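# Structural overview for review
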Amino acid sequence: MKRAFLALFMGVSTALCFAQRSETELRTWDFSRDGESWKQVRVPHDWAISGPFDKKWDLQTVAIEQNGETEATEKSGRSGSLPWIGEGHYKTTINIAEPIGFVELVFDGAMSEPVVSINGKKAGEWKYGYNAFRVDTSKFVHPGANEVRVDLSNIEESSRWYPGGGIYRPVKLVTTPKARLDRWGLFFRTLRATGEEAAVAVDATVKGAAGNDWRAKVVLVDNDGTEQCLYNNALSQDGGVHATARILKPRMWSPEEPNLYTLRTLLYNKDGQVVDEISQRVGIRTVAVSKEKGFQLNGVSRKLKGVCLHHDLGPLGAAVNRAALIRQVRILKDMGCDAIRTSHNMPSTMQMEIYDSLGMMVMAESFDMWVHPKCKNGYARFFKEWGDRDIENLVLNHRNHPSIVMWSIGNEIYEQWMTEGVQMATHMQDLIHQLDPTRPVTQGMDRPDDATNSGFMQAMDIPGFNYRVKKYDEKFPILPQGFVLGSETASTVSSRGVYKFPAEVKSQVMYPDGQCSGYDTEFCSWSNLPDDDFFIQDERPWTIGQFVWTGFDYLGEPTPYDEYWPSRSSYFGICDLAGLPKDRFWLYRSKWNETEHTIHLLPHWTWTDRKGEVTPVYCYTDYPSAELFVNGKSQGRHTKDTTAKENLKVGEISALNVSLDRYRLRWNDVRYEPGELRVVVYDENGQKAGEQTIRTAGKPSKLQLDADRIELRADGDDMAFVTVSLTDSKGTLIPDADDQLTFSVSGAARYEAACNGDATSLEVFTDPTMKLFKGQLVVVVRASEVPGTATLTVTDPQRKLTKKLQIVVK
């Protein structure tokens, strides 16, 4: 009995000796701006987010071609007015055990132009700050402690928006035996699938395994733990794995049911010992586009209800964070959104893992420019030499994510009118097809006349229109694909809680306070209102969906206030920079959310200077009709005008000018009276289906704290987002409050940042004080690595109000 136990123990010990793969996230680094004074930081890290805001940072005097400008003017907030320009330096120590096999550093992104050195010797570099890259450090390390240093450089006029600065995405140290599996060489894909059966294929690349004595095994595991072996054999003649298999009763991935499997790939030596193993979350699903059936997911035609997202996370800056990304997705899914375009750059791996697990289709984008620069020192400096390498890294890093349904090779590329541009587009599309034949390729084109005259648009798998909805009907007949995607739409501008009178449809309008109207009636010279895009998607069966610019406000590009200081962030978002929904959120929700009803009134009903003044009232709802009451007096019962058509106007680039009464219920002649505003909605049969009431606020009397979560993981990264509102005694928001608040966090968490969504605020996010904007702001709390209880305390010194919130960290 003792002999048998000893043999078993020795077998396990030997196997573990060979199963040496280790993937360790490097979180703790020393950071310096000058290479002399250092401080400890936690990666992901954005060195610029703590400010201060100042117009001198990257002050650009340019003409923005995409906006139709021909004369250069001062653009003070174009790249966020934060100190991201200059050098940054990071160093850390890694410990390498003997025997040394293969040692690799995997960077998910570093802004920008990272140079990686090991023990004082250059080991690798990359140019594009948005892309993942790998550095083979095997020949630079030695047993024991090794210094890793990363030097970064951001130069002026290299970005059209806020890029951030630093190692803003995770870094992993990967150690394996010399004979190993290549994670980027693993490719799982669905060949075809129904609810009854799926055919899948898997390829795996093995490196450092010379000879014929190696074997691999590939196993697919569902969430119940049921395993199915896809491959269990010797390596193929090229030294890899190539297999196909049938999966009965597959659990398909979709936004509604994001089912995932675990793909385990194991490498064995001649003695049957596991030398290396990789686990990868994958999904079974199919993607297709065609003239006959449009865009299809799992064989079902559907129109994409998407938004564009920049990479920054508001008050967190560019530093990627899982909790912040999850919050974004949950907000968007509540709106009915099912797709995200990662504009205009490669997504992070963390993003893609979250989109896989929560169910969000993705257009994974690559570049904002090719050879012709949009800003003086942008990526165009590197495209000729690095473009293919960046495409390869994008696809190899992300092709196993089921959430990605298409690739994008560019955004509003200058070369779209050129023969050379067609050649470049075709080359990149072909390159992607070689690396991933399962997904179509697109890009966002903003010059439909040039792009169709040159053949640029016809060359793409999916023709993507950025705005120019007015051109859809004209260009569709000459597109051989037989369908059109709204790759970037709307660019409606608004500020949360701000309403301008009279409520009129206006283009490129500006006001002395640097804000835009929340009536959702203002857009830019090249863009349009949401109603136009709803209309074209409803009325043209050959459209396959849209990606709205943007889901959330972002740092930089403060159009229409590009020349207005202190404006330093966008107005395009459906939600503001703090993640608080603007009224427009409810307009999209009324159209996109097909599982829950929407009833939303605007504006607020607390006005000190509008008694007796005309104050239009809108209701965003999925119901067809409603009746409005002011203090019990009916203002009339209105029904949406579903017969409304486009009203084309000469001189407007994009707008269809569809009647706002098709998708909104509006009472334009209401005169303000303090008290109660109530709407009653009716269904298609004329039956009462619901109601909403808003009231005039009384005196400010309390702070209200609403957290997205009150239980956090003790990992040092998890976060809670706490909405702070100033209300009257009955809980009605004080909609014009701008009180200066202070914040403190005690216990097992710390204060991270605050944001009020005001695009003109110069208050530093990371300082523990901020003014309310239109009665609200958001405080971000970061968990510690030690379990316990944390307390957030919010104080309004002006009104002597204090509110506390307890958060459990475990």
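Preceding this section is the structure that the text describes.
Quick summary incoming for the structure in this document. (Residues numbered from 1 in each chain as written. Predicted model: local features only at pLDDT ≥ 70, side-chain atom pairs only at ≥ 80, totals over all residues. Heavy atoms only, no water.)

### Some remarks on the overall build of the protein
On a plain count of helices and strands, the protein comes out with 9 helices and 48 strands. Against the compact-globule benchmark of 28 Å for 810 residues, the protein has a radius of gyration of 28 Å, which places it among compact chains. By principal-axis analysis of the C-alpha atoms, the protein measures approximately 95 × 65 × 60 Å. Expressed as a percentage of contacts within the protein between residues at least 6 apart in sequence, the contacts between residues at least 24 apart total 70%. For the protein, the exposed surface amounts to about 31200 Å²; the carbon and sulfur share of it is 49%. Of the side chains in the protein, 95 bear a positive and 108 a negative charge, and the two mean positions are spaced by 4 Å. (Helix = DSSP H or I, 4+ residues; strand = E, 2+ residues; numbered from the N terminus. Rg over C-alpha atoms; globule rule 2.2 N^0.38 Å. Contact = heavy atoms within 4.5 Å. Areas by Shrake-Rupley, 256 points an atom, 1.4 Å probe, with all protein chains shown as cover. Lys, Arg positive; Asp, Glu negative; His and termini not counted. Charge placed at Lys NZ, Arg CZ, Asp CG, Glu CD.)

### Some words on the sheet that holds strand β38 (residues 676-682)
As summarised here, the arrangement of the 4 strands in space is β36-β35-β38-β39, forming an open sheet in which the pairing is antiparallel. Of all the strands in the sheet, just β36 (633-639) and β39 (688-695) have a single pairing partner and so form its edges. Pairwise comparison of adjacent strand axes, ignoring direction, gives a mean angle of 15 degrees for this sheet. With 6 bridges joining them, strand β35 (residues 625-630) and β36 adopt antiparallel strand pairing. When the sheet's bridge partners are listed, L628 is paired in β36 with G636. (Pairing = 2+ DSSP bridges. Axes fitted to C-alpha atoms, helices over the stretch in contact; angles between N-to-C directions.)

### A closer look at the sheet that holds strand β13 (residues 180-193)
Strand order in the open sheet formed by 3 strands is β13-β14-β17, with antiparallel pairing between adjacent strands. The sheet is open, and its two borders are formed by β13 and β17 (240-248), each paired with just one other strand. Going from strand to strand, the sheet's axes swing by 15 degrees on average, the running direction of each strand aside. Strand direction decides the pairing type here: β13 and strand β14 (residues 197-207), joined by 9 bridges, are antiparallel. Along β14, the bridge assignment pairs D182 with T205.

### Some points on the side chain of S517
Within the secondary structure layout, S517 lies in the loop between β30 (506-507) and β31 (522-523). A polar side-chain atom of S517 sits 3.2 Å from the main-chain amide nitrogen of Y519. With sequence-adjacent residues up to four places away left out, S517 is seen in contact with V493, S494, S495, V498, Y499, K500 and E522. (Polar contact = N/O pair within 3.5 Å; in protein donor to acceptor, adjacent residues only side chain to side chain.)

### Examining the pattern of salt bridges
Across all of its chains, the model carries 63 salt bridges by this definition. In this structure, E113 and R381 form a salt bridge, with 2.9 Å as the shortest nitrogen-oxygen distance. Placement of the pair is E113 in the loop between β7 (102-107) and β8 (115-118) and R381 in the loop between β25 (361-364) and α4 (383-398), with a sequence separation of 268 residues. Judged by relative accessible area, E113 falls into the buried class, the value being 16%. Here R381 falls in the partly exposed class, since its relative accessible area comes to 39%. As a salt-bridge pair, E676 and R695 come within 3.5 Å of each other at their nearest N and O atoms. Separated by 19 residues along the polypeptide, E676 in strand β38 and R695 in strand β39 bring together distant segments of the chain. For R695, a relative accessible area of 46% translates into the label partly exposed. Salt bridges sharing partners connect three or more residues here, namely E25, R27, R42, D717, R750, E752, R782 and E785. (Salt bridge = Lys/Arg side-chain N within 4 Å of Asp/Glu carboxyl O. Buried < 20%, exposed > 50% of the residue type's maximum accessible area, 1.4 Å probe, protein only.)

### Observations regarding the environment of E752
Structurally, the position occupied by E752 is in strand β44 (residues 749-755). Relative accessible area serves as the criterion here: at 15%, E752 is assigned to the buried category. When the C-alpha atoms of E752 and F765 are compared, they prove to be 8.4 Å apart, with 13 residues separating the residues in sequence. When residues no more than four places from it in sequence are discounted, the contact partners of E752 are L316, M719, T766, V780 and R782. Within the local environment of E752, its side chain forms a polar contact with the side chain of R750, the two groups lying 2.9 Å apart.

### As for the nonpolar core
Across soluble globular proteins, you tend to see nonpolar side chains buried next to one another. In terms of nonpolar packing, the biggest core is built from 203 residues, with W29, Y90, V307, W370 and F743 touching the most fellow members. Ranked by size, the runner-up nonpolar core spans 30 residues in total, among them L186, A204, L230 and Y231. (Core = buried A, V, L, I, M, F, W, Y, C linked by side-chain atoms within 4.5 Å.)

### Points about unusual backbone geometry
Of the consecutive residues E98 and P99, the connecting peptide bond is found in the cis state with omega at -10 degrees. Following the sequence through the fold, P99 ends up in the loop between β6 (86-96) and β7. For the bond running from L602 to P603, omega is 5 degrees, close enough to zero to count as cis. Inspection of the secondary structure assignment puts P603 in the loop between β33 (599-602) and β34 (617-621). Phi at E113 is positive, roughly 50 degrees, even though this residue is not glycine. Notably, E157 is not glycine yet its phi reads approximately 55 degrees, a positive angle. Among the secondary structure elements, E157 is positioned in the loop between β11 (144-154) and β12 (171-176).

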